[in-house]
Structures are given as structure tokens and as C-alpha cells.
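Structural description and commentary
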Amino acid sequence: MAKIQKINVKSIDEIREEMIETVTSSKSDIFQISEQCRKDYDNMTSELRTIKEMMGKLIAEEERLEDEVLKARLTLSELNLNFKAYTEAEVREAYEKAHQLQMDLSINWQYKKQLLEKRADLERRLLGLDETIDRADQLISQISVVMNYLMSDLKLMGEELENAKAKQDFGLKIIEAQEEERKRLSREIHDGPAQMLANVIMRSDLVDRVYREQGPEEAFKEIGSFKKMVRSALYEVRRIIYDLRPMALDDLGLVPTLRKYLQTIEEYHNKSKIEFTNIGIERRLPVKYEVALFRLIQESVQNALKHANACSIQVRLEMMKNELTVLIKDNGAGFDTTQKKPESFGIIGMRERVELLEGNIRFESKIGKGTSVFIVVPIQS
């Protein structure tokens, strides 16, 4: 049986700070989504205002054309009654003028119809954006409540539990609380901005089809650009959801979730190649193992991409009956393992996670030679 150690308040504070950093980052991500929605709202409002101004001009032009068409019809009636009093050129000119006025009026009607459809679509999209902005504001408010809890109540709780619980049990509780928060935020964003953006794409496809049949070519370019922007925003939202907590971790388990997550990260960092290999038994593990191992691999891959600028990363997982081993190897810049730096808190956090699972972690790296991370965790049957 592992030796139960006295709770280290300093370690608890470090975990608390990591949680605060994570929640603060989540709050910042949601705020950015909210700000982007507000910008889109302002742009669409401006576009709607322009359409209404154009509608006013078209209506005025329509009234003028209708008056001109009426006069032309009266002229044609007079020509028919006194046909012999006019020359052939005068008759032809009167008929051509009446025909041209009728064509101008028809074009005016078609353009007005297109603007009416575009105005209706913009109003629907503005309504959806307004709801998303309200939902994002609510989420930011809820996260602020969580921040207040982390910055006050959790610190007091850590001090009160100093002589009451073992470091291992308390650390696992902290990680579980952190993962529950990420899970909740993931669902909130998934049900809000992601669904809204998907709906906008569907509607833009409908507008695309209408304008492909009736609208001018410039409208196609405008709608195509808008779709590209929305798809990019949707991709970012889904990437944020994966970073917070992949929902597939609960449904499918560690291996399928890792496979999908690494594929997504590879697509996002299109200049880096990530190879994932699973050896041995593919089975579900207790939740604490799956969550901790996923975060360890996620941290290692993110470090390789962000800090080491690696272009090739290998992730190998071997699941045996009573033990699980992981290797994360990259060809990045590497680092001197003998030197301790202030920014190495991420490595300390990784060591703590592995220790909570009663496992071992080892780092092998040289400057300019890449980095290898070895993780061994015993699995309790």
C-alpha cells in the first residue's frame, strides 16, 4: 500500500492556480466568440441598413416607371385611334419606348424581390446572433462565479483539509472537479455557438441556391466569402470544445478519442505530422485513468507543437493487462533536462498527474535533438 503523506498546501495552491488558468482561458475563448458574433451582428446590421436604403430607391423608381408605362400605354391607344396621322417612324418609336419601359419595370421588380429575400434572411440571422450573444454573456457570468469560488472557497478548503486527507486522494478530487468543469463548458459551447454556426451555414447554402438561379454574380462572391468565414468560426469552436474536454472520452474511451483528437490537431497544425499507434488490448479504463492519460498526452503534444516547433510527432500507446505505457516522441527543438526554468510548471504538473496514478514519467531530450516522454502506469484490475 502506498504511503499516505500529509497534504501539501503549496501543491494544492499550484493545482488551484492551474485550474484558475484553465477557467480564465475558457472565459477568454467564450469572450472572443461573443466579440466575433457582435462584429458579425454590426456588419449584418450595416448591410441590412444599406438594403433598406436601396429598397427605398427601388420603390421610388418603380413609381416613376409605372407612371411612364401608363403614359406610354395612353400614347399607344392614341396611335391606334389615329394611326394614319402618325409616321411609321413615330409609331415604331412609341412601341419601342413602351417595350423598354415595361422591361425596366420588370427588372426593377426582380431586383426588389431579391433584396426582399436577402433582407428577410439577414433579419433571421441577426435574431440567431442576438440569441448567441446573450448565451455567451450568460456563460461568462457563470464562469465568473466559478472563478470567485476557486479564488476564495477552494483555498480555504485546502487549508482545512491539510491534516485530514491524503495528497493522492485530494489531488484526484481536484482533477475530477477540473474535468467536470471542462465537461460542462464543452456542452454549453456545443449546444450554443456551434449549433448556431451550423444553422447559419445551412441558411447560407439556401441563399446560395437562390442567388445561383436569380441573383447577380457579385452576390455569389459575397455569400461564398461569408460561408468561408462561418466555416472557419465553426472549426474554431469545435477545436475549443476538444481542448476543453472531448465528449467522446465518456462515450468511446481513451483510444478512439486520442485517435480523433490527434487527427484534429494535425489538421489544425497542417505543417506538422502526428502519427498515432495503439498496441495491445483496446479496452475501457476507469475514468480517472482515461482523463489523466488523455491530459498527459495532450500536454506533451501541445508542448511539442507550441514550444518545440516540432513537425513530426509520434504517439505510441501500449495497453497490457496490468500496465499501460505511453511514448510521445518529437523532432522539435528539445531542451536541457538538467536545467530548471520558471516556465517548466507544465512538466511539474505532468509529474504530479502520473504520481497520483502511482506511475512513472521520464523525459529524454537534448537541444536540437527532439524530446521523448515515457509514461508507465499500473492498471488496477
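Residues numbered from 1 in each chain as written. Predicted model: local features only at pLDDT ≥ 70, side-chain atom pairs only at ≥ 80, totals over all residues. Heavy atoms only, no water.

**Quick look at the overall build of the chain**
Convention followed: Put simply, DSSP marks the helices as runs of H or I at least four residues long and the strands as runs of E at least two long, and each gets a number from the N terminus on. Three labels apply to residues, based on accessible area from a 1.4 Å probe with only protein chains included: buried if under 20% of the type maximum, exposed if over 50%, partly exposed otherwise in between. Whether two residues are in contact is decided by their heavy atoms: any pair within 4.5 Å suffices. Note on areas: Shrake-Rupley, 1.4 Å probe, and residue coverage restricted to the protein chains presented here.
If you tally the helices and strands in the chain, you get 8 helices and 5 strands. In sequence order, the secondary structure elements of the chain are arranged as α-α-α-α-α-α-β-α-β-β-α-β-β. Relative to its 381 residues, the chain shows a buried fraction of 41%. Taking all contacts inside the chain whose residues are at least 6 apart in sequence as the whole, residues at least 24 apart take part in 76%. Surface summary for the chain: the accessible area is close to 22,200 Å², and the carbon and sulfur share equals 52%.

**What about the sheet that holds strand 3 (residues 323-330)?**
Going by this rule: At least two DSSP bridges between two strands are required for those strands to pair. The convention used is that axes are lines fitted to C-alpha atoms, helices contributing only their stretch in contact, and that angles between N-to-C directions extend from 0 to 180 degrees.
The mixed open sheet is built from 5 strands, whose spatial order is 1-2-3-5-4. The sheet is open, and its two edges are formed by strand 1 (273-280) and strand 4 (360-365), each paired on a single side. Taking each pair of neighbouring strands and ignoring which way they run, the sheet shows an average axis angle of 10°. In terms of strand pairing, strand 4 meets strand 5 (residues 371-378) through 6 bridges, oriented antiparallel.

**Digging into the pairing of strand 3**
Most of strand 3 is tucked away, with 6 of its 8 residues classed as buried. One ladder, built from 7 bridges, connects strand 2 (residues 312-319) with strand 3; its direction is antiparallel. Counted as the bridge partner of Glu318 is Thr325 from strand 3. Where strand 2 folds back on strand 3, the antiparallel hairpin that results is connected by 3 residues. Two strands pair when backbone bridges link them, and strand 3 and strand 5 are joined in this way by 8 bridges, in the antiparallel orientation. Paired with Thr325 across the bridge in strand 5 is Val376.

**A short note on the packing of aromatic side chains**
Stated formally: Two rings belonging to Phe, Tyr or Trp (six-membered ring only in the last case) form a pair when the distance between their centres is within 6.5 Å. Interplanar angles under 30 degrees mark stacking, angles over 60 mark edge-to-face geometry, and anything in between is tilted. Note on criteria: charge over ring means Lys NZ or Arg CZ within 6 Å of the ring centre, with the direction from the centre no more than 35 degrees off the ring normal.
Per the counting criterion, the structure on display carries 1 aromatic pair. Ring geometry for Tyr261 and Phe294: centres 5.2 Å apart, planes at 65°, overall edge-to-face. With Tyr261 in helix 6 (residues 254-268) and Phe294 in helix 7 (residues 287-306), the pair connects residues that are 33 residues apart, well separated along the chain. One residue, Arg362, lies across the ring of Phe374, its end atom 4.3 Å from the ring centre.

**Considering the nonpolar core**
The test is simple: We define the nonpolar core as a collection of buried residues of types Ala, Val, Leu, Ile, Met, Phe, Trp, Tyr and Cys that are connected through side-chain atoms lying within 4.5 Å of one another.
In this structure, Val301, Ile313, Leu317, Ile328 and Ile375 are the most contacted members of the largest nonpolar core, which totals 37 residues. Those elements that provide at least two residues to this core are helix 6, strand 1, helix 7, strand 2, strand 3, helix 8 (345-356), strand 4 and strand 5. With 10 residues, helix 7 is the largest single contributor of residues to this core. If we skip the residues at most four places from it in the chain, Ile375 touches Leu296, Leu324, Thr325, Val326, Ile328, Val354, Asn360 and Ile361.

**Remarks on helix 6**
Short version of the rule: To estimate the expected span of a helix, count its residues, drop one, and scale the result by 1.5 Å.
In this model, helix 6 (15 residues) spans 21 Å end to end at C-alpha, consistent with the 21 Å of a helix rising 1.5 Å per residue. Of the positions making up helix 6, those classed as buried are Leu254, Val255, Thr257, Leu258, Tyr261, Leu262, Thr264, Ile265 and Glu266.

**Brief notes about unusual backbone geometry**
Of note, Asn309 is a non-glycine position whose phi angle comes to about 55°, a positive value. Within the fold, Asn309 resides in the loop between helix 7 and strand 2. Residue Glu358 is not a glycine yet carries a positive backbone phi of 60°. Within the element layout of this structure, Glu358 appears in the loop between helix 8 and strand 4. Judged by its relative accessible area of 41%, Glu358 falls in the partly exposed class.

**Thoughts on the side chain of Ser272**
Quick reminder of the rule: Here a polar contact is taken to be a pair of N or O atoms separated by no more than 3.5 Å, where protein atoms must pair a possible hydrogen donor with a possible acceptor and residues adjacent in sequence count only if both atoms sit in side chains.
With respect to the helices and strands, Ser272 occurs in the loop between helix 6 and strand 1. In terms of polar contacts, Ser272 uses its side chain to reach the backbone carbonyl oxygen of Ala310, at 3.0 Å. Leaving out residues up to four positions away in the same chain, Ser272 has contacts with Glu266, Leu305, Ala310 and Cys311.

**Brief notes about the pattern of salt bridges**
Convention followed: By definition here, a salt bridge exists when the distance from a side-chain nitrogen of Lys or Arg to a carboxyl oxygen of Asp or Glu is within 4 Å.
Counted according to the given criterion, the structure contains 9 salt bridges. Of the charged contacts in the structure, one is a salt bridge between Glu35 and Arg38, with a shortest N-O distance of 3.8 Å. With a gap of 3 residues between them, Glu35 and Arg38 both fall in helix 1 (residues 9-81), about one helical turn apart. Put simply, Glu47 and Lys118 hold a salt bridge, and the shortest N to O gap is 3.1 Å. Of the two residues, Glu47 sits in helix 1 while Lys118 sits in helix 2 (residues 88-160), which places them 71 residues apart along the sequence. A relative accessible area of 16% means that Lys118 is categorised as buried. Through salt bridges with shared partners, a single network forms among Asp121, Arg124 and Arg125.

**Description of the confidence of the model for the chain**
The criterion, for reference: The predictor reports its confidence for every residue as pLDDT, a score running from 0 up to 100.
Of the residues in the chain, 69% reach a pLDDT of 70 or more, and the chain-wide mean stands at 77. For the chain, per-element mean pLDDT is lowest for helix 3 (residues 167-213), which scores 62, and highest for strand 5, which scores 93. Segment residues 1-7: pLDDT under 50, and 13 contacts once partners within four positions in sequence are set aside and those in other chains are kept.

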